[in-house]
Amino acid sequence: MSTTAYEKQTAPAAPAARPAPVRLGRRRLGPGRPVPYGWAVGPLLLLALWAAGSALGLLDPRSLPAPWTIARTTADLLADGRLQSHLATSAQRALLGLLFGVAAGLVLAVLSGLSRVGEAVIDGPVQIKRAIPSLALIPLLILWFGIGETMKVVTIALGVLVPVYIHTHNGLRTIDSRYVELAETVRLSRLGFVRHVVLPGALPGFLLGMRFAVTAAWLALVVVEQVNATSGIGYMMELARTYGQTDIILVGLVVYGLLGLVSDALVRLVERRTQSWRRTLAG
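Participant: Go over the overall build of the chain with me, naming the residues and quoting the values.
Facilitator: Looking only at helices and strands, the chain has eleven helices and zero strands in total. When the elements of the chain are put in sequence order from the N terminus, they spell out α-α-α-α-α-α-α-α-α-α-α. Split into buried and exposed, the 283 residues of the chain put 32% on the buried side. In the chain, of all internal contacts separated by at least 6 residues, the share reaching a separation of at least 24 is 72%.

Participant: Tell me what's going on with the side chain of His86, and back it up with residues and numbers.
Facilitator: Position of His86 among the secondary structure elements: in helix 4 (residues 82–113). A relative accessible area of 11% places His86 in the buried class. Filtering out sequence-adjacent residues up to four positions away, His86 remains in contact with Ser231, Gly232, Ile233, Tyr235 and Met236.

Participant: Tell me about helix 7 (residues 149–173), and please be specific about residues and values.
Facilitator: The α-helix winds at 3.6 residues per turn, so residues separated by three or four positions along the chain end up facing the same way. Spanning 25 residues, helix 7 covers 36 Å between terminal C-alpha atoms, matching the ideal 36 Å at 1.5 Å per step. Judged by how many residues are buried, helix 7 sits mostly within the fold: 18 of 25 residues are covered.

Participant: Give a detailed account of the packing of helix 5 (residues 116–131) against helix 7, specifying residues and quantitative values.
Facilitator: The angle between the axes and the distance between the axes are what describe a pair of packed helices. It is the contact of helix 5 with helix 7, at a shortest axis distance of 11 Å, that shows an interaxial angle of 140 degrees. Taken as axis vectors, helix 5 and helix 7 run oblique relative to one another. Where helix 5 crosses over helix 7, the handedness of that crossing is left-handed. Listed contacts from helix 7 to Arg116, Glu119, Ile122, Asp123, Val126, Gln127, Lys129 and Arg130 of helix 5 are Leu158, Val162, Tyr165, Ile166, His169 and Arg173.

Participant: Which residues make up helix 9 (residues 190–224), and what values go with them?
Facilitator: If you check helix 9, its first and last C-alpha atoms are just 41 Å apart, much less than what 35 residues at 1.5 Å a residue would give, namely 51 Å. Leu203 marks the point of greatest bend in helix 9, at about 45 degrees, and the proline Pro204 comes within the next four residues.

Participant: Run through the packing of aromatic side chains, naming residues and quoting values.
Facilitator: All told, the structure shown has one aromatic pair when counted by the stated rule. Look at Trp144 and Phe145: their rings are 6.5 Å apart centre to centre, the planes differ by 80 degrees, and that puts the pair in the edge-to-face class. In this structure Trp144 comes out as exposed when scored by relative accessible area, which is 59%. On the accessibility criterion, Phe145 (39% relative accessible area) is partly exposed.

Participant: An account of the packing of helix 10 (residues 233–242) against helix 11 (residues 246–274) is requested, with residue identities and associated values reported.
Facilitator: Where helix 10 contacts helix 11, the two axes come as close as 8 Å, and the packing angle between them is 155 degrees. Classified by the angle their axes make, helix 10 and helix 11 are roughly antiparallel. Here helix 10 and helix 11 pass one another in a crossing that is left-handed. Residue-level inspection shows Ile233, Gly234, Met236, Met237, Ala240 and Arg241 of helix 10 in contact with helix 11, the latter providing Ile248, Ile249, Gly252, Leu253, Val255 and Tyr256. Of the residues belonging to the contact of helix 10 with helix 11, the class tally is nine nonpolar, two polar and one charged.

Participant: Could you give an account of the confidence of the model for the chain, naming the residues involved and the relevant values?
Facilitator: On average, residues of the chain score 83 in pLDDT, and 86% of them are at 70 or above. Confidence, expressed as mean pLDDT per element, reaches its minimum in the chain at helix 1 (residues 3–10) with 51 and its maximum at helix 3 (residues 67–79) with 93.

Participant: Tell me about the pattern of salt bridges, and name the residues and values.
Facilitator: Counted according to the given criterion, the structure contains nine salt bridges. Residue Asp264 is joined to Arg211 by a salt bridge in which the shortest nitrogen-to-oxygen separation is 2.8 Å. Taken together, the positions of Asp264 in helix 11 and Arg211 in helix 9 put the pair 53 residues apart, joining distant regions of the chain. Judged by its relative accessible area of 14%, Asp264 is buried. Here Arg268 and Asp264 are joined by a salt bridge, their closest N and O atoms 3.9 Å apart. Taken together, the positions of Arg268 and Asp264, both in helix 11 and four residues apart, correspond to about one turn of that helix. Three or more residues joined by partner-sharing salt bridges are found here, namely Arg93, Glu149 and Glu225.

Basis of the calculations
Residues numbered from 1 in each chain as written. Predicted model: local features only at pLDDT ≥ 70, side-chain atom pairs only at ≥ 80, totals over all residues. Heavy atoms only, no water. Helix = DSSP H or I, 4+ residues; strand = E, 2+ residues; numbered from the N terminus. Buried < 20%, exposed > 50% of the residue type's maximum accessible area, 1.4 Å probe, protein only. Contact = heavy atoms within 4.5 Å. Expected span 1.5 Å × (residues − 1). Axes fitted to C-alpha atoms, helices over the stretch in contact; angles between N-to-C directions. Parallel < 35°, antiparallel > 145°, perpendicular 65-115°, else oblique. Left-handed = near helix turned anticlockwise from the far one by under 90°. Bend = angle between axes of the 7 residues up to and from the residue. Phe/Tyr/Trp six-rings, centres within 6.5 Å; stacked < 30°, edge-to-face > 60°. Nonpolar A, V, L, I, M, F, W, Y, C, P; charged D, E, K, R; others polar. pLDDT = per-residue confidence, 0-100. Salt bridge = Lys/Arg side-chain N within 4 Å of Asp/Glu carboxyl O.

Following this line, the structure appears as C-alpha cells:
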C-alpha cells in the first residue's frame with residue numbers, strides 16, 4: 001500500500017458542515033405601533049353593536065331607542081336651538097369649576113410638596129376630602145351657598161381639586177433627589193429651582209391628574225344640574241325623564257360621553273406635545 005493511500009485511510013474525516021443558524025426575528029414585548037385613530041375604535045364598535053341590536057329587534061325601542069332615532073332627535077333639538085343653549089350653560093359651569101378646582105389643587109400640591117410644614121397642615125384635610133364623595137357634600141353646600149350657580153361650581157371644583165392635588169403632589173415627591181442636590185451645588189435660586197426642577201418633574205403627575213379632573217368635572221356636572229336647575233344638559237335630561245322621553249335622555253348621555261372623550265383627548269394631546277422627549281410604551 002502506498003504512503004499516499006495509507007494517509008488517506010488513516011486521515012480523520014472532515015467535520016460535517018454545521019447547519020446555518022436560523023435567524024429569528026426579534027420578539028416584540030411592547031404593545032406595538034399605535035393604531036391609527038385607535039381612540040375611535042371602541043366607541044364605533046359599541047355604536048355598531050347598538051345599531052345591529054336595534055335592527056334585529058333585540059333591543060326594545062321604548063327602553064333603548066335605535067341610533068338613528070337618537071340622531072333624528074338630536075337634529076330636532078339643534079333645529080329649535082335647545083341643545084346649543086343647554087350645552088353652553090353646562091360648558092360654562094364645567095369650565096368654571098375646572099378652573100377653580102385646578103388652581104386650588106395645584107397651589108395646595110406645591111405648598112404641600114415643597115414644605116414639610118405645608119404637608120402636615122394640608123395633606124391630612126385633603127385626604128379626608130378624598131374619602132368623602134363631593135356629591136355627599138351637596139346638602140351641606142346647599143345650606144352654605146343656596147341652590148344657585150355658586151353651589152354648582154363649588155361642587156364641581158371640589159371634585160376636581162382632589163385628583164389634581166394627589167397626582168401633582170406625588171409628582172413633586174418622586175423627583176430624584178440628585179436633581180435637588182445638583183441645584184444646590186450650582187446655587188440655583190428658588191425661582192430657578194422651581195422652573196428647572198420642580199415644574200418638569202411635576203408635569204407628568206399634573207397632566208395625569210388633569211385627565212382624572214376633566215372626567216370628575218363632567219361627572220359632578222351631571223348631578224348638580226339636576227338640583228333645582230333651569231338650564232343645562234342635566235336639566236334637559238331630568239325634564240325628559242318626567243315626560244318619559246327616553247330618546248332625549250340618551251341624547252344627553254351621548255353629549256356627556258362625547259364631552260368627556262374630547263376633553264381627555266385634548267389633555268392627552270398636551271401630554272404628548274409637552275413630553276415628547278420621554279420614551280414610553282405609549283410610543
